[in-house]
Structure formats: C-alpha cells, structure tokens
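What follows is each chain in one-letter form.
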Amino acid sequence: MHPPWSMIFFTTLAGAAQGLLLALLGVDLARSLGLVQTPEALFLAGAVITLAMCGVGLVAASFHLGHPWRGWRAMAMWRTSWLSREVIVLPAFMAAVAAWGLAHALQAPALLWGLLAGLLALALYICTGMIYGAVKAIREWATPLTPINYTLIGLASGALLASALAAFMAAPLAPGLARLALVATLVAALARGYAYWRNQRLVPRTTLQTAIGVRHPRIVQKSQGAMGGSFNTREFFHGRPATLVTRVRWAAALLGFVLPAAALAAVAAPSGPLLALLFAMHYAGLLAERWSFFTEANHPQNLYYRAIA
Amino acid sequence: MTQLALVIDLNVCVGCHACVTSCKEWNSSGSAGPLLDWNADGPDPTGTFFNRVQTFEVGEFPNTQTVHFPKSCLHCEDPPCVPVCPTGASYKRAEDGIVLVDYDKCIGCKYCAWACPYGVRELDEKRQVMTKCTLCVDRITDLTLPPAERKPSCVMACPTQARLFGDVHDPESEVSVAIRERGGYPLMPEQGTQPANHYLPRRRTEAHTDPVQVVREHNPLRVDGREPALQPPLSADWEH
C-alpha cells in the first residue's frame, strides 16, 4: 500500500495523545488515593497537549479526504464502519479531555471526566486499529495484532511523553513514569515484532490464478489496459525500492523501540531534556513504523497491475 | 430478488477495448460522469475508467494462450466495499443488486477501495470522489430507450458478444444458462465476496474429421471405384 502521510501523522499523534491521557489519568488516580502529590498544572498542561496533538492529527487526517468539508457525514454508518465509529469517538474523547482539564483548572472534581476520557481513549485505539484490521483483503492487517499494536504503541509513546512532561512539571513522578514507559516500549516492541514476523510468513491465498480464474502455473501479465498508470497503481503500490523499505524498518526498530528503551534502562533518573529528546527520537521511529505498516501490506488487486503497457 | 450482472466470455474476447471506450464515452456524457483524464495528450496520460481490459499470457512459448481479461466492478452479493463506507455513500441497491456510489455523499476517503480485493473502484482525481461501474444504471432503467438497448454500454459495444447481461438470480436468464452450461466462475472465490459477475472459461476449439467421413460411400473423392488414399498426398490420387 502507498503510505499516506496524513494517516501516518494522524495515527501516531492521536495514539501518543491517548497514551498521554491514560498515563496522566493513572497519576490522577494515584493522587486521589493519596499516593502522590502533583500540581493541578500538570493535568491542565497534559489536557492541553493532548487536545493539541489530536487537533493537529485531525488536520492531518483531513488531508486524506477528497472532500474534508463533508467529513461530518462520516458519523452516519457507525453500525458497520470502524471509520465511522472513530469519527464519533475522537471528538467525544477530545470533549472529555477538555472537561477533565477544565475541571482540574477550576479545582472541581475531575476524576469522573478523566475516567470517561480514559475509556474513550481505549475505544479510540480499537477503532483506529480496526479500521485497518477490518480490511479482510489485506491479510497483513486483518489480524487482532493490528488494534493491539496500535494500542500498545500508543501507550508506550504516551507514557514517554508523560514522563517528559512530568520531569518539567512534577519532577518526583518522572522516574516512575519513565520506568512505565520502558516497560510499555518493550511490550510494544515485542508485539510489533511478532506482527512483522507473522506477516513475513503469510502465504497468499489469492493468486493470479484465482484472480483471473485460469488454472495454470505460469501466467504473465502483458498489459494492464493503460499506459500511464491509474488510481490502482498509485494507491496500492508504495513504489519504493526494497532497500529503502528495509532501512525504514530498521529506523523504526532502532529509533522507535531499541534506543529509547536502552536509554530509559540505562539512566535511572532521566532529566527533562533527555526525556524530551527521547520522545522526539521515539516519535520519529513511530513515523517510520507506521510507514512500514503501510508498505508491509500487499493488496490482492496488485495482482492485476504487474506490467504496464 | 433480482441481481443484475455481467457474464464475460473469455473464449471470445479479442481484447479490442471497445467496451472500455464505449464505457468511457457513455459515462462521461451520462448522469454518472464526467470521468476525467489527466494529461490525456501528454507523455503520462492517466484517467478514471470503470472498465479496463488487461492481457495475460498463459503457458510457456510455444504453448501459449493470450487471455484478454475485461475487469470491472463485479457487483458482489456480499460487497466488502459497502459496510466500510463511513457515510453511506457506497450502497447496494435492494431492487437489482447494483453497487453504486452516491457522489454527493462521498468524502473521498478511499476506504472502500482498500476493502475491495479486485481494485475496481477508482478515485476520480479531479472530482475527488470514488467512482465505479454502475452497470449503466441510467441506460438499463431508461424507459425511453427501446428495450433492446436497455443494456450496459459495454455490452452494446462488444463486437464478439463476449459480454452478456442479465439477472443471475433468474435460473432461466441468458446469463444463468451461460454460467450453468458453460462453466461460469467467479473471481477470487476465497475472498468470500460472492461476485455477481461471472467469467466463462477458454474452451479448446478444433476441427475434427473422422477418417470414416473421408472414405464413406458418397465421398466425392471416390472416383471410378478408386478409393482416395488416406495418407497424404491426397491430391496425387487425382492424377490418372
């Protein structure tokens, strides 16, 4: 599949934002139980950052649409379409986060709003992941691992962002959150690695033989009916050399998972700037990971577009 | 319940692309259009088509067959493109089973194209909405046309009558009989989409002459009681 930057930015930004909210909700819960002391400003800043990231993600996602101003229509088919469900859950999540942050700013009871936002964050992970997981034609995506990985990776990046934020605003919390980010990053790396391993071993069920219904071991395409390419050649092929795809995959593994985890494991009490730097590196790795997620996917329609002429 | 569909006979398709051009012509000027092109006269022309003819070579030289393969929306009985559409722009008509796109509702998210395993939905780059074969719904339901012309444009255009059109749920329709008696098959059955369109396979065609037909009693080659030799050269037998 062609990797669309709109979707890459949206899924990574929103995923990290949801993870940030969930990590700060954990802090909020711990504080309500009297386990930790934190200033309200941490939650307010967290809510603002979450909303900003979701907002930027939404703008990025709108670039994916041919008619962004008709986007509101996408709420219609929530009974059948995961995309429709996401379009409903995302604004609800943002509203709950705004209410949670506002309640903290006004010193009002906020925990219920936080719990609601947390539930919606988890629901949003499932919706985003299932948009891809529900495409049966693309077997690399049609697995429970897809929503699981969207959730785990989002939690990891959110925990890392939360630790960086805490290092600046509530320093005593930072080491604990960094520890959490380390565990989340390792779990996410394992699950994502397993998904890659699985996808490398998929044997295609749909072949050129079933695509045109001719049972012969040797079929060669001579013409695809157009000389200059088409939507089919632009949308479903990444068109990048295999070396680049491999390099981006290594970048995803190293920047996104291995290096941040190694740094978090090596430094017991990381400073704010270090954590911010680690998050930036991790986020760059996630962009590469999401790019690879698209290039990994082989669409069966590509069987019909193997030779120009 | 009616399910309109095309049945395409690969045995007689000669790959002339008449269905492609007539489809483009009708759907550029009909109610579904326009189907726009980019760089139509430039070095890298591209555009939106509902129907394309592709060519495959089967086998290894010299034992090869050239298969011309027209490809358009198969109007699946269980279309994966419909439930994924977030706006309801993509739908399957209950009355005749045609899968259509409401261009005024489409937001151009391309999700339906991802869900379709056949790659028969094309985003029109200028209008930024998803487009696809409508089975010429504006022709086949147009009561002002003579009944014989209430067929998709591609079916009307095909010079070898490789394309049949009808209701595959009616067991006595032309298309159902063709599927039943000529080995009609669906594409990618493993995808579980139950395509309504079917394809008829290539058939081996050869002239067969039984030796008995050559030597039978009233064979004009029997001259003066002399039987023509079966082995060549047959013509040498005429020399007296």
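Engineer: How should the overall build of chain B be read in this particular structure?
Structural biologist: In terms of helices and strands, chain B carries seven helices and 11 strands. Looking at chain B residue by residue over its 240 residues, the buried ones come to 43%. Within chain B, contacts between residues separated by at least 24 positions form 55% of all contacts whose residues are at least 6 apart in sequence.

Engineer: What is the right way to read the overall build of chain A from this model?
Structural biologist: Helix and strand counts for chain A come out as 10 helices and one strand. Scanning chain A from its N terminus toward the C terminus, one meets helices and strands in the order α-α-α-α-α-α-α-β-α-α-α. Expected size for 309 residues packed as a compact globule is a radius of gyration near 19 Å; at 21 Å, chain A falls within 12% of this value. C-alpha atoms of chain A, sized along the principal axes, occupy 70 × 45 × 30 Å. The proportion of buried residues among the 309 residues of chain A is 50%. Put simply, of all contacts in chain A between residues at least 6 apart along the chain, 78% involve residues at least 24 apart.

Engineer: Looking at this structure, I do not really get the interface of chain B and chain A. What am I missing?
Structural biologist: Bring the parts together and some accessible area is lost; that lost area is often taken as the interface size. Facing 48 residues of chain B, the contacting portion of chain A comprises 47 residues. Within the residue set of the side of chain B that touches chain A, elements represented by two or more residues are strand S4 (51-60), strand S5 (63-72), helix H2 (81-84), helix H3 (111-115) and strand S8 (122-124) of chain B. Residue classes in the side of chain B that touches chain A are distributed as 28 nonpolar, 11 polar and nine charged.

Engineer: Just to check I follow, could you spell out the packing of helix H3 (residues 82-105) of chain A against helix H4 (residues 111-133) of chain A for this structure?
Structural biologist: For any two helices packed against each other, one specifies the crossing angle of their axes together with the interaxial distance. All names here are of chain A. Running from amino to carboxyl end, H3 crosses H4 at an angle of 155°, the nearest separation of the two axes being 8 Å. Classified by the angle between their axes, H3 and H4 sit roughly antiparallel to one another. Crossing of H3 over H4 shows left-handed handedness.

Engineer: I tried to follow the sheet that holds strand S11 (residues 198-200) of chain B on my own but got confused; where do I start?
Structural biologist: Think of a sheet as strands paired side by side through backbone hydrogen bonds, with each pair either parallel or antiparallel. Residues and elements named next belong to chain B. The strand order S10-S1-S11 describes an open sheet built from three strands, whose pairing is mixed. Of all the strands in the sheet, just strand S10 (163-167) and S11 have a single pairing partner and so form its edges. Between one strand and the next, the sheet's axes are offset by a mean angle of 25°, whatever the strand orientation. Relative to S10, strand S1 (residues 4-9) is paired through five bridges, and the arrangement is antiparallel. Residue pairing for S10: Leu4 is matched across the bridge by Asp167. Docked against the sheet, helix H6 (residues 174-181) engages S1, S10 and S11, running at close to 115° with respect to S10.

Engineer: Explanation requested: the nonpolar core in the structure shown.
Structural biologist: Within soluble globular proteins, side chains that are nonpolar generally end up buried alongside one another. Core analysis: the biggest nonpolar cluster contains 158 residues, and Phe93(A), Ala117(A), Ala159(A), Leu177(A) and Ala181(A) have the highest contact counts within it. Residues in contact with Ala181(A), not counting those within four places in the same chain, are Ala156(A), Ala159(A), Leu160(A), Ser163(A) and Leu264(A).

Engineer: I would appreciate a short explanation of the sheet that holds strand S1 (residues 219-223) of chain A in the present structure.
Structural biologist: Strand order across the open sheet formed by three strands is S1(A)-S4(B)-S5(B), with antiparallel pairing between neighbours. Edge positions in the sheet fall to S1 of chain A together with S5 of chain B, since each has one partner strand and no second. Neighbour-to-neighbour, the strand axes of this sheet turn through a mean angle of 30°, independent of strand direction. Bridging between S1(A) and S4(B) involves four bridges; their strand directions are antiparallel. By the bridge assignment, Gln221(A) is partnered in S4(B) with Phe56(B). On top of the sheet, helix H1 (residues 18-29) of chain B reaches S4 and S5 of chain B; it is set at about 165° to S4(B), its chief contact.

Engineer: How do you make sense of unusual backbone geometry when you look at a structure like this?
Structural biologist: Glycine aside, the phi torsion of most residues is negative, and most peptide linkages are trans. All names here are of chain B. Cis geometry is adopted by the peptide bond preceding Pro62, which originates at Phe61 and carries an omega value of 5°. In this fold, Pro62 is placed in the loop between S4 and S5. Although it is not a glycine, His17 adopts a positive phi angle of roughly 70°. Along the chain, the position of His17 falls in the loop between S1 and H1.

Engineer: Can you walk me through the environment of Phe93(A) in this structure?
Structural biologist: Along the polypeptide, Phe93(A) turns up in helix H3. Sequence-wise, Phe93(A) and Leu116(A) are 23 residues apart; in three dimensions their C-alpha atoms are separated by 8.1 Å.

Engineer: I would appreciate a short explanation of H3(A) in the present structure.
Structural biologist: Note on helix geometry: an α-helix contains 3.6 residues per turn, so any two residues three or four positions apart are oriented the same way. Here H3(A) contains 24 residues, and its C-alpha end-to-end distance of 34 Å stays within 8% of the 34 Å for a straight helix at 1.5 Å per residue. Following H3(A) by one or two positions, Gln107(A) adopts a phi angle in the positive range, close to 60°.

Engineer: Help me out: how do you make sense of the pairing of S5(B) in this one?
Structural biologist: In regular strands, side chains alternate between the two faces of the sheet. Residue and element names in this part refer to chain B. In this sheet, S5 lies alongside S4 in antiparallel orientation, the contact comprising 10 bridges. For Arg52, the partnering residue across the bridge sits in S5 and is Lys71. Once S4 ends, the chain turns through two residues before running back antiparallel as S5.

Engineer: Help me out: how do you make sense of the environment of Pro186(B) in this one?
Structural biologist: Residue and element names in this part refer to chain B. Inspection of the secondary structure assignment puts Pro186 in the loop between H6 and S11. Spatially, the C-alpha atom of Pro186 lies 9.8 Å from that of Cys76, the residues being 110 residues apart in sequence. Those residues in contact with Pro186 that lie beyond four places of it in its chain are Pro195 and His198.

Engineer: How do you make sense of the packing of H4(A) against helix H5 (residues 145-169) of chain A when you look at a structure like this?
Structural biologist: All names here are of chain A. At a minimum axis distance of 7 Å, the contact between H4 and H5 shows a crossing angle of 140°. The orientation of H4 with respect to H5, classified from their angle, is oblique. Crossing geometry of H4 relative to H5 is assigned as right-handed. Every residue of H5 that contacts H4 at Tyr125, Ile126, Thr128, Gly129, Met130, Tyr132 and Gly133 is listed here: Thr146, Pro147, Tyr150, Thr151 and Gly154. Here the residues of the contact of H4 with H5 are counted per class, giving six nonpolar, six polar and no charged.

Engineer: So what exactly am I meant to see when it comes to the confidence of the model for chain B here?
Structural biologist: Any region with low pLDDT has predicted coordinates that should not be read closely. This prediction gives chain B a mean pLDDT of 89; 87% of its residues lie at or above 70. Here the predicted complex carries an ipTM of 0.93, next to a pTM of 0.90.

Cut-offs and rules
Residues numbered from 1 in each chain as written. Chains lettered and ligands numbered in written order. Predicted model: local features only at pLDDT ≥ 70, side-chain atom pairs only at ≥ 80, totals over all residues. Helix = DSSP H or I, 4+ residues; strand = E, 2+ residues; numbered from the N terminus. Buried ≥ 20, exposed ≤ 12 C-beta atoms within 10 Å, placed from the backbone. Contact = placed C-beta atoms within 7 Å. Rg over C-alpha atoms; globule rule 2.2 N^0.38 Å. Nonpolar A, V, L, I, M, F, W, Y, C, P; charged D, E, K, R; others polar. Axes fitted to C-alpha atoms, helices over the stretch in contact; angles between N-to-C directions. Parallel < 35°, antiparallel > 145°, perpendicular 65-115°, else oblique. Left-handed = near helix turned anticlockwise from the far one by under 90°. Pairing = 2+ DSSP bridges. Core = buried A, V, L, I, M, F, W, Y, C linked by C-beta atoms within 7 Å. Expected span 1.5 Å × (residues − 1). pLDDT = per-residue confidence, 0-100.

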